[in-house]
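Spelled out from the first residue to the last, the chains are:
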Amino acid sequence: MKMKSVLGGVSRLGIQGVLVVVGLAFSSLSADATDFGALSKSIEFTTSGYTGTSTLTDFPVLVRLAAGSPAGFSYSDCASGGGDLRFSDAAGNLIPHEIEKWDADGTSVVWVKVTVEDNETSFTMHYGGDASALAVTAADTWDSDYVGVWHMSEASGDVADATGHGLTAVAMNAADGVQIADANGVFGNGRVNAKSGNTKPCLNVANDDKLDVGNTFTMSAWVKVKSAPTYTTPIFSRRLYWHSTDGWSLELTKNAYPALAVHGADNDTVVSGSLGVELGSWAHVAVVYNGTEATVYVNGEPEATGTIAAAKDNNAGLAFGQAADATGDRYSLFGSLDEYRLLGAVASADWVKAEYDQAGLSFLSNGGVETGDSPSTKKGGVSFYIY
């Protein structure tokens with residue numbers, strides 16, 4: 001954490017031969033900074049791997065924890081389930097976080113709401129004590145523009161919406177060996193969607209007014225395609241049929257892997273691109289729609305931009321790995337899914353790239369474990385020193 005301080009107001013007064021020096025030390029932290037004094041340990045993180053030039057307001061930053069990683073971190077210093085974890089921004093204020101996965105025998109996955117200004121933005125994790133006075137709500141980690149966030153962390157069955165909006169993704173047409181956890185997900189578990197393209201297992205979010213994002217939105221996902229599709233295969237979709245005159249979708253093109261296409265309210269005007277990875281490899285895809293143009297990003301880079309017919313809202317659900325409501329004539333995505341997100345806003349290129357970069361290990365750097373008062377527990381004020 002960067003700390004600015006000023007040493008000033010120094011006067012020297014000779015009083016009966018005694019030299020008196022008064023030093024005034026000002027901390028840059030606000031006097032209203034949260035008191036983390038009940039938590040005995042802290043680790044400072046820095047977004048040193050952020051490569052963008054714009055500020056990402058309330059961005060979900062991934063923190064991975066494991067025994068000895070960061071150096072000196074031990075699960076034995078934490079409460080059960082990570083219940084004493086708290087985070088502060090550079091000004092020392094409490095910020096929200098969500099523990100997606102807590103694994104005292106492996107790697108834990110924690111999302112933290114951070115405003116990333118540059119590659120020197122810092123925030124601090126506090127733990128090791130009684131955090132009951134520092135209330136946090138996991139759903140607050142996700143900015144209000146998020147319509148739904150689906151981590152795919154469940155072992156099987158339905159997938160919860162992390163935003164608190166209640167948009168559960170229901171496992172449909174599940175059979176043996178599908179709609180269960182893929183232990184090799186990008187962030188903890190993923191979800192095995194289907195093992196054959198011509199069946200219709202998928203995850204489906206039932207129609208809800210919250211899905212009516214209008215003509216500006218961003219949909220992103222991680223997908224691992226196991227077999228080249230021989231029929232048009234949705235990655236995500238609010239379209240019921242290939243000839244639908246409403247909704248929107250991102251689909252893999254039949255008999256042309258890794259080709260993909262974005263559809264708006266008709267099937268003729270598309271933005272075409274390429275998934276660009278070998279079968280069996282994870283890829284991050286995002287569609288950013290500004291009301292006229294759709295831009296497809298693959299692994300954090302813009303792949304294609306073009307005009308599509310208006311992505312009209314409809315009364316259909318939102319399906320992952322199949323057509324909306326699994327009622328159409330599409331095949332299911334044969335492979336695995338992870339971290340699906342619907343944002344009711346136009347994400348910047350920096351935002352999409354930073355989302356992709358969370359999968360790597362270089363977005364964050366960190367210091368060692370500090371014991372006692374960390375910088376974020378120290379209140380601003382004035383100190384007087386008399387010599």
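Q: I'd love a proper account of the overall build of the protein, names of residues and values included.
A: Along the backbone of the protein there are one helix and 28 strands. In the protein, buried positions account for 50% of the 387 residues. Entry remark: accessible area of the protein is about 16,000 Å², with carbon and sulfur atoms responsible for 49%.

Q: Report on the sheet that holds strand S9 (residues 108-116), specifying residues and quantitative values.
A: Each strand in a sheet pairs with its neighbour through backbone hydrogen bonds, running either in the same direction (parallel) or in the opposite one (antiparallel). The strand order across the open sheet formed by three strands is S5-S9-S8, and the pairing between neighbours is antiparallel. Both edges of this open sheet fall to strand S5 (56-65) and strand S8 (97-101), since each of them pairs with a single strand only. Averaged over neighbouring strand pairs, the angle between their axes works out to 25° when direction is ignored. Sheet topology places S5 next to S9; eight bridges connect them, and they run antiparallel. When the bridges of S9 are listed, valine 61 appears paired with valine 112.

Q: Please provide a residue-by-residue account of empty space enclosed by the protein, values included.
A: Where empty space is left becomes clear once a probe the size of a water molecule has been rolled over the atoms. What the rule picks out here adds up to two cavities of 30 Å³ or more. As a volume, the largest cavity reaches approximately 50 Å³. Lining the largest cavity are Trp111, Phe187, Ser220, Trp222, His284, Glu339, Arg341, Glu355 and Gln358. Sorting the residues of the lining of the largest cavity by element identifies strand S16 (217-225) and strand S25 (335-343) as the ones contributing at least two each. Counted by class, the lining of the largest cavity contains three nonpolar, three polar and three charged residues.

Q: Describe the environment of tyrosine 75, and please don't skip the residues or the numbers.
A: Tracing the sequence through the fold places tyrosine 75 in the loop between S5 and strand S6 (86-88). Look at tyrosine 75 and you get buried, because its relative accessible area is 10%. Every residue in contact with tyrosine 75, bar those within four places of it in the chain, is listed here: Leu65, Ala66, Ala67, Trp102, Asp103, Ala104, Gly106, Thr107 and Ser108. Within the structure, tyrosine 75 has its side chain in polar contact with the backbone oxygen of leucine 65 (distance 2.9 Å).

Q: How would you summarise the confidence of the model for the protein if you had to cite specific residues and measurements?
A: For the protein, per-residue confidence averages 87 on the pLDDT scale, and residues scoring 70 or more make up 87% of the total. Note that residues 1-31 has pLDDT below 50 and, in this model, 71 contacts with residues that lie over four places away or in other chains.

Q: Residues and numbers for the sheet that holds strand S19 (residues 259-263), please.
A: With antiparallel pairing, the seven strands of this open sheet are ordered in space as S12-S15-S24-S17-S18-S19-S20. Two strands lie at the open edges of the sheet, namely strand S12 (169-172) and strand S20 (270-274), each paired on one side alone. For this sheet, the mean inter-axis angle between neighbouring strands, taken without regard to orientation, is 30°.

Q: Summarise the layout of surface pockets; cite the residues concerned and give the values.
A: Taken as a whole, the second largest pocket holds about 260 Å³ of empty space. Along the wall of the second largest pocket there are 15 residues; nearest its centre are Val63, Arg64, Ser69, Leu361 and Leu364. Per-element tally for the lining of the second largest pocket: the top contributor is S5, with four residues. Partitioned by chemical class, the residues of the lining of the second largest pocket number nine nonpolar, five polar and one charged.

Q: Outline the pairing of strand S23 (residues 301-307), supporting the account with residue identities and numerical values.
A: Looking at chain direction, strand S22 (residues 293-298) and S23 are connected through six bridges and run antiparallel. Of the residues in S23, the one forming a bridge with threonine 295 is threonine 305.

Q: Give me the lowdown on the environment of valine 352, citing residues and values where you can.
A: By the element assignment, valine 352 lies in helix H1 (residues 349-357). When the C-alpha positions of valine 352 and proline 302 are compared, they lie 9.3 Å apart, and in sequence the two are 50 residues distant. If we skip the residues at most four places from it in the chain, valine 352 touches His284, Ala286, Val288, Tyr297, Gly300 and Ala347.

Q: Before we move on, can you summarise the nonpolar core with the specific residues and values?
A: Counting residues in hydrophobic clusters, the biggest one holds 43 residues, and the most contacted among them are Val63, Phe87, Phe123 and Met125. When contributions to this core are tallied by element, the ones reaching two or more residues are strand S4 (39-46), S5, S9, strand S10 (122-129), strand S11 (146-150), strand S21 (282-289) and H1. Counting residues in hydrophobic clusters, the runner-up holds 42 residues, among them Val262, Val271, Ala311 and Phe320.

Calculation rules
Residues numbered from 1 in each chain as written. Predicted model: local features only at pLDDT ≥ 70, side-chain atom pairs only at ≥ 80, totals over all residues. Heavy atoms only, no water. Helix = DSSP H or I, 4+ residues; strand = E, 2+ residues; numbered from the N terminus. Buried < 20%, exposed > 50% of the residue type's maximum accessible area, 1.4 Å probe, protein only. Areas by Shrake-Rupley, 256 points an atom, 1.4 Å probe, with all protein chains shown as cover. Pairing = 2+ DSSP bridges. Axes fitted to C-alpha atoms, helices over the stretch in contact; angles between N-to-C directions. 1 Å grid on protein atoms, 1.4 Å probe; cavity = no way out; pocket = protein on both sides within 12 Å on 5 of 7 lines; lining within 4 Å. Points joined across faces, edges and corners; volume = space filled by probe spheres on them. Nonpolar A, V, L, I, M, F, W, Y, C, P; charged D, E, K, R; others polar. Contact = heavy atoms within 4.5 Å. Polar contact = N/O pair within 3.5 Å; in protein donor to acceptor, adjacent residues only side chain to side chain. pLDDT = per-residue confidence, 0-100. Core = buried A, V, L, I, M, F, W, Y, C linked by side-chain atoms within 4.5 Å.

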